[in-house]
Amino acid sequence: MNDGTAYAPIEAAHEASEPMGSASKPVGEQVRELRKSRGLTLTDMAKATGRSVGNLSELERGVRPFTLDTLGRIAHTLDVSISWFFSASTAKDDDDGDIVTRKANRRQINLSRAGVREELLSPNLNSSLEMVLTTFRPGACTGPEGRKRKGDEGGMILSGTFELQTEERTVLLKAGDSFQLTGNGTHWCCNPGSTDTVIVWSFCMAKF
């Protein structure tokens, strides 16, 4: 949240301009390989992202988990969107895959130490509309810097409780509740409950 309290890091998920990251490699390894392919040093990345060289090194080696904010800064510096890091499914191809995403074929982001799992519900990343299924473990939250929106987005809570904070207010949502946010501003998310919170997100005309 924006009160300076340290919260658990979360996983992330939206639109790629080049092939997806490797399905078998942790995000830290993908970041390192992509950074080197861009000809950037850790010092270059530190200057661009506002993170220390030591912090970035720990992220790449899997010593420290990513927050959504940090992964977003890194993705911007490497000229990709966060969804570049979605892991490809190992499931068989689906003849209807251009319009349908089977449960077994969902792409995920491989942030194994984070408190949130993101699954891509949209069959592709070429549309102006994207959907993501997010599971927050109990106590899992976004980082203290929150997430800056780049387009309209909304969601519906399928199960659990969900605390949503904007610059103006903090609201508590329960299963069956829904919300919508405009394309400007920052928000923070947290699961204050004792069970998993599952949310379907919808993003319009945005890079997540």
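These numbers come from a predicted model, not from an experiment. (Residues numbered from 1 in each chain as written. Predicted model: local features only at pLDDT ≥ 70, side-chain atom pairs only at ≥ 80, totals over all residues. Heavy atoms only, no water.)

Caption draft 1: Seen up close, the packing of aromatic side chains. With the rule as written, the count across this model stands at five aromatic pairs. Judged by centre distance (6.1 Å) and plane angle (90°), the rings of Phe162 and Trp201 are edge-to-face. Taken together, the residues span a long stretch of sequence, with Phe162 in strand E7 (residues 161-165) and Trp201 in strand E11 (residues 197-204) at a distance of 39 residues. The burial state of Phe162 is the same as that of Trp201; both residues are buried. Consider the rings of Trp201 and Phe203, whose centres lie 5.9 Å apart with planes at 15°: the pair is stacked. Three or more aromatic residues link up through ring pairs in this structure, and these residues are Phe136, Phe162, Phe179, Trp201 and Phe203. (Phe/Tyr/Trp six-rings, centres within 6.5 Å; stacked < 30°, edge-to-face > 60°. Helix = DSSP H or I, 4+ residues; strand = E, 2+ residues; numbered from the N terminus. Buried < 20%, exposed > 50% of the residue type's maximum accessible area, 1.4 Å probe, protein only.)

Caption draft 2: Representation of helix H4 (residues 68-77). Those residues of H4 lying buried are Leu68, Asp69, Thr70, Leu71, Ile74 and Ala75. Where H4 is buried, its residues meet helix H1 (27-37), helix H2 (42-49), helix H3 (53-61) and strand E5 (147-148). At the exit of H4 stands Asp79, carrying a positive phi of roughly 65°. (Contact = heavy atoms within 4.5 Å.)

Caption draft 3: Quick peek at the pattern of salt bridges. Enumeration over the complete set of coordinates arrives at six salt bridges. Between Glu60 and Arg35 there is a salt bridge, with the nearest N and O atoms lying 2.7 Å from each other. In this pair, Glu60 is assigned in helix H3 and Arg35 in helix H1, connecting sequence segments 25 residues apart. Where Glu119 meets Arg106, a salt bridge forms, and the shortest distance between an N and an O atom there is 3.3 Å. Taken together, the positions of Glu119 in strand E3 (residues 116-120) and Arg106 in the loop between strand E1 (86-87) and strand E2 (107-109) put the pair 13 residues apart, joining distant regions of the chain. (Salt bridge = Lys/Arg side-chain N within 4 Å of Asp/Glu carboxyl O.)

Caption draft 4: Structural view of the sheet that holds E2. A sheet is described by the order of its strands in space; here seven strands give the open sequence E1-E2-E3-E4-E11-E6-E9, paired in antiparallel fashion. Looking at the sheet topology across the chains shown, the edges are occupied by E1 and strand E9 (178-181). As judged from the two bridges shared by E2 and E3, these two strands associate in the antiparallel manner. For Arg107, the partnering residue across the bridge sits in E3 and is Leu120. (Pairing = 2+ DSSP bridges.)

Caption draft 5: The sheet that holds strand E8 (residues 170-174), seen in detail. Here we have four strands laid out as an open sheet, ordered E5-E10-E7-E8, and antiparallel in their pairing. In the strand order of this sheet, the two ends are held by E5 and E8, each with one partner. When E7 meets strand E10 (residues 186-190), the two strands line up antiparallel, connected through three bridges. Each residue of the ladder has a partner; that of Gln165, found in E10, is Trp188.

Caption draft 6: Seen up close, the pairing of E8. Both E7 and E8 contribute to a ladder of five bridges, which runs antiparallel. Bridged to Leu164 within E8 is Val171. Between E7 and E8, which pair antiparallel and follow one another directly, the connecting turn spans four residues.

Caption draft 7: Region of the structure containing the pairing of E3. Judged by how many residues are buried, E3 sits mostly within the fold: four of five residues are covered. Relative to strand E4 (residues 129-136), E3 runs antiparallel, the two sharing five bridges. Within E4, the residue paired with Leu120 across the bridge is Val132.

Caption draft 8: Quick peek at the nonpolar core. Of all hydrophobic cores here, the largest spans 35 residues; its most connected members are Ile74, Phe85, Phe162, Phe179 and Trp201. With four residues, the single largest contributor to this core is H4. Apart from residues no more than four positions distant in its own chain, Phe162 is found in contact with Phe136, Ile157, Val171, Leu172, Leu173, Phe179, Cys189, Cys190, Pro192, Thr197, Ile199 and Trp201. (Core = buried A, V, L, I, M, F, W, Y, C linked by side-chain atoms within 4.5 Å.)

Caption draft 9: Molecular detail of the packing of H2 against H4. Between H2 and H4, whose axes approach to 10 Å, the crossing angle comes to 115°. In this view, H2 runs roughly perpendicular relative to H4, as classed from their interaxial angle. Along this stretch, H2 crosses H4, giving a crossing that reads as right-handed. Residues Met45, Ala48 and Thr49 of H2 form the contact with H4, whose own contacting residues are Arg73, Ile74 and Thr77. Partitioning the contact of H2 with H4 into residue classes produces three nonpolar, two polar and one charged. (Axes fitted to C-alpha atoms, helices over the stretch in contact; angles between N-to-C directions. Parallel < 35°, antiparallel > 145°, perpendicular 65-115°, else oblique. Left-handed = near helix turned anticlockwise from the far one by under 90°. Nonpolar A, V, L, I, M, F, W, Y, C, P; charged D, E, K, R; others polar.)

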